Amino acid sequence: MAADEKVIVADKLTKRFGDFIATNEITFEVSKGEIFGFLGANGAGKTTAMRMLCGLSAPTSGNAQIAGYDIYSQTELIKKNIGYMSQKFSLYENLTILENIEFFGGIYGLTDQQIKVKTEELVNRLGLKSEAKKLVGSLPLGWKQKLSFSVAVLHEPKIVFLDEPTGGVDPVTRRQFWDLIYEAADRGITIFVTTHYMDEAEYCNRISIMVDGRLEVLDTPANLKRSFGVGTMDEVFYQLARSAKRGD
Amino acid sequence: MRTLKFLLRKEFRQIFRDKSIVALIFFMPCIQLIVMPLAADYEVRNVNLAVVDHDKSPYSQKLISKVIASGYFKLQGYNASFKEALSLIESDQADLILEIPQGFERNLIREDKQKLFVAVNAINGTKANLGGSYLNSIIGAFNADIRMQLIQQPRFSQFPVIDIVPSNWFNPVLNYKIYIVPGILAILVTMVGGFLSALNIVKEKEIGTIEQINVTPIKKHIFILGKLIPFWVLAFIIFTIGLILARVFYGIAPIGSLFVLYLFIAVYLLTVLGFGLLVSTFCDTQQQAMFIMFFFMMVFILLGGLFTSIDSMPEWAKLVTRLNPVRYMIEVMRMVILKGSGLRDVLPHLAAVAIMAVVLNGWAILNYKKTN
């Protein structure tokens with residue numbers, strides 16, 4: 001794992017919707033294998049930024065390379081190399097766990113043998129053996145989220161983007177979820193995660209905080225707390241978010 | 001190609017897991033083809049008739065009983081005055097008034113000439129029109145009968161008479177079922193195919209699963225094909241069920257070749273499904289898609305030539321029907337099933353729907369945006 005290999009390079013990335021600047025010239029870099037926390041109040045522009053990085057939304061201006069590919073011209077190559085888990089649960093609820101895994105594995109071009117091996121690993125890892133043939137819609141939220149994450153990294157992408165993956169999930173399941181994240185990071189998958197939980201922010205290697213579409217700070221949690229002269233990430237966030245003009 | 005396999009497997013699983021869609025696929029053709037042709041009848045019966053007989057003579061009685069005996073009319077009132085009869089029309093209990101003037105019999109015999117008055121409630125246009133002309137022809141026949149009785153026929157008619165005897169080809173007894181069943185079948189596959197495909201992609205947008213597809217490296221045309229093929233197969237199944245039902249219940253078996261019929265349906269379905277998919281790429285909610293499809297379906301069906309003849313439409317409407325895939329479908333259904341037309345005869349139709357299929361599907365692929 002080369003420590004300084006940059007898998008996300010964003011340079012003045014901007015997205016406008018009419019007069020509204022959702023994301024305003026954000027510039028940052030993320031290294032391979034890093035767990036990168038992307039924080040900000042509701043409406044600060046996190047999801048827009050993430051959707052641009054995933055190739056779901058075309059930037060208005062600025063540049064970015066994801067996994068070495070250009071965000072304008074090589075979106076399909078980017079998509080081969082990333083995983084994405086949206087805020088809204090988006091596996092197929094009327095398919096079973098096995099069918100969902102098979103479908104997404106197939107779409108990403110895994111062979112039947114790979115799908116078989118991966119499915120078994122995944123089902124065992126999540127302890128879903130007895131549920132494997134149940135419809136995904138019938139699972140509790142916590143399991144759904146763990147399953148979505150596992151499906152998002154099924155094809156061993158270089159980067160996985162997680163948009164508030166633990167929203168509405170209980171603390172125990174959140175802890176288990178972060179175990180999954182660490183395991184993926186250990187395999188060299190870069191994690192790009194947004195969250196509103198400050199304890200989760202502490203788990204990240206580095207975090208950035210967006211305020212009103214701008215990237216206000218970017219550093220390790222420890223450095224941030226030191227520079228703001230406070231004891232917890234909560235307080236760092238609170239000080240920054242208070243200056244925000246945009247509300248909910 | 002491998003991706004397509006996974007897409008199709010997923011779509012079929014989802015379709016057959018949805019019990020309401022499976023029920024729809026099998027019950028819709030049954031209901032529409034078994035029940036509807038019995039009710040959707042072009043013939044006008046049960047025309048409500050009010051009679052005002054000022055003459056009350058044997059002749060007027062004879063005329064009235066002849067009218068009633070025709071089976072097309074139901075005597076609603078035998079009124080003393082026209083005013084009374086009119087009130088029946090006003091309260092919608094009667095569709096027609098037949099007024100027989102005083103001295104009907106006398107004048108008919110003596111002066112060889114008499115006038116009858118028929119008032120028609122034209123609110124229900126078809127019923128009034130046909131009812132009126134039925135009544136006219138009955139009176140005409142009655143008139144001829146009387147002539148026979150009263151007047152000694154001259155040896156040679158003074159007037160040359162041209163008697164027209166129509167011969168109805170392909171549907172000799174003018175059985176309207178033979179005419180309407182292929183049309184209903186055409187509309188059935190159009191509705192099912194169009195609506196299912198239009199709602200499908202939009203549904204994925206609504207529940208958010210399309211995002212998860214859009215972040216994958218899936219090719220756009222593969223995705224559209226993955227949505228197209230399942231409904232294409234389904235519509236084929238429905239069409240086949242419909243053909244079997246038409247055979248079993250109405251004895252309508254295609255006179256022309258099944259190959260030609262299926263070849264045309266294959267291309268036609270691509271057009272209809274392509275249109276549905278195109279609509280779904282424009283819409284964000286199922287409600288929007290539903291309304292847009294509804295609008296177009298109404299236009300397609302009303303300008304499709306099933307209920308009204310395209311030849312009698314105004315010129316501009318005729319031009320519009322050229323862009324209407326349903327029109328070609330209904331024509332080809334009737335041509336091949338009833339008349340036995342071959343591939344050569346339906347080639348212009350085939351070409352028209354093929355062009356539409358290419359345009360609509362191409363447009364759907366272009367308009368489906370993975371990045372916005």
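Every residue gets a number counted from 1 within its own chain, in the order that chain's sequence is written. Both sets of labels track the order of writing: A upward for chains, 1 upward for ligands. Local features in a predicted model are, by the rule used here, given only for residues with pLDDT of at least 70; side-chain atom pairs are given and counted only at 80 or more, and totals for whole chains, interfaces and linings are based on all residues. The basis for every side-chain value is the complete set of non-hydrogen atoms in the structure, without hydrogens or water.

Concerning the packing of aromatic side chains
Describing an aromatic ring pair means giving the distance of the ring centres and the angle of the ring planes. The rule is short: rings of Phe, Tyr and Trp, with Trp giving its six-membered ring, pair when the centres are within 6.5 Å, and they are stacked under 30 degrees, edge-to-face over 60, tilted in between. Throughout the structure, instances matching the rule amount to 27 aromatic pairs over all chains. Geometrically, the ring pair formed by F296(B) and F300(B) is tilted, given 6.1 Å between the ring centres and 45° between the ring planes. Separated by 4 residues within a single helix, F296(B) and F300(B) lie in helix α11 (residues 286-302), roughly one turn from each other. Exposure is judged per residue with a 1.4 Å probe applied to protein chains only, and the accessible area is read against the type maximum: over 50% gives exposed, under 20% gives buried, and values in between give partly exposed. Classification of F296(B) by relative accessible area gives partly exposed; the value is 30%. In this structure an aromatic cluster arises from ring pairing among F28(A), F36(A), F38(A), F161(A) and F192(A). In this scheme, the term charge over a ring applies when either NZ of a lysine or CZ of an arginine sits within 6 Å of the ring centre and within 35 degrees of the ring normal. Across from the ring centre of Y197(A), 3.7 Å away, lies the NZ or CZ of R174(A), which sits over that ring. Runs of E in the DSSP output that reach at least two residues are strands. Runs of H or I that reach at least four are helices, and both are numbered from the N terminus.

Some points on the interface of chain A and chain B
Facing 33 residues of chain A, the contacting portion of chain B comprises 26 residues. Across the interface of chain A and chain B, roughly 2700 Å² is buried in total on both sides, 52% from carbon and sulfur atoms. By definition, a salt bridge exists where a carboxyl oxygen of Asp or Glu is found within 4 Å of a side-chain nitrogen of Lys or Arg. Remark: the boundary between chain A and chain B carries 7 salt bridges. Ionic pairing is found between E102(A) and R9(B), a salt bridge with its closest N-O pair at 2.7 Å. The definition of a polar contact used here is a pair of N or O atoms within 3.5 Å, where within protein one atom must be able to donate a hydrogen and the other to accept one, and adjacent residues in sequence count solely through side-chain atom pairs. Between chain A and chain B we count 17 residue pairs in polar contact (both at pLDDT 80 or more) in total. Considering each element in turn, the side of chain A that touches chain B owes the most residues, 6 residues, to helix α3 (residues 97-107) of chain A. Residue composition of the side of chain A that touches chain B, grouped by class: 16 nonpolar, 8 polar and 9 charged. Contacts: residue pairs with any heavy atoms within 4.5 Å of one another. Note: buried area is the sum, over both parts, of the accessible area (probe 1.4 Å) each one loses when the two are combined. Any residue outside Ala, Val, Leu, Ile, Met, Phe, Trp, Tyr, Cys, Pro, Asp, Glu, Lys and Arg is labelled polar, Gly included; the first ten of those are nonpolar and the last four are charged.

A short note on the nonpolar core
In terms of nonpolar packing, the biggest core is built from 162 residues, with F28(A) and F161(A) touching the most fellow members. Ignoring anything within four residues of it in the chain, the contact list for F161(A) reads I8(A), M50(A), L53(A), C54(A), I66(A), I82(A), G83(A), Y84(A), M85(A) and F192(A). To qualify as a nonpolar core, a set must consist of buried Ala, Val, Leu, Ile, Met, Phe, Trp, Tyr and Cys residues joined through side-chain atoms within 4.5 Å. Core analysis: the second largest hydrophobic core is formed by 20 residues, V44(B), V51(B), Y134(B) and L135(B) among them.

Observations concerning the packing of helix α7 (residues 176-207) of chain B against helix α10 (residues 258-282) of chain B
Residue and element names in this part refer to chain B. As a rule, the C-alpha atoms of each element are fitted with a line to give its axis, helices using only the stretch in contact, and angles between N-to-C directions run from 0 to 180 degrees. In the contact formed by α7 and α10, the axes pass within 8 Å of each other and the chain directions differ by 30°. Overall, the two elements α7 and α10 adopt an arrangement that is roughly parallel. Viewed along their axes, α7 and α10 form a crossing whose handedness is right-handed. Between α7 and α10, the contacting residues are V189, T190, G193, G194, S197, A198, I201, V202 and K205 on the first element and Y268, L269, V272, L273, G276, L277, S280, T281 and F282 on the second. When an angle is under 35 degrees it counts as roughly parallel; over 145 it counts as roughly antiparallel; between 65 and 115 it counts as roughly perpendicular; any other value is oblique. Definitions for this section: a left-handed crossing has its near helix turned counterclockwise from the far helix by less than a right angle. A right-handed crossing has that turn clockwise.

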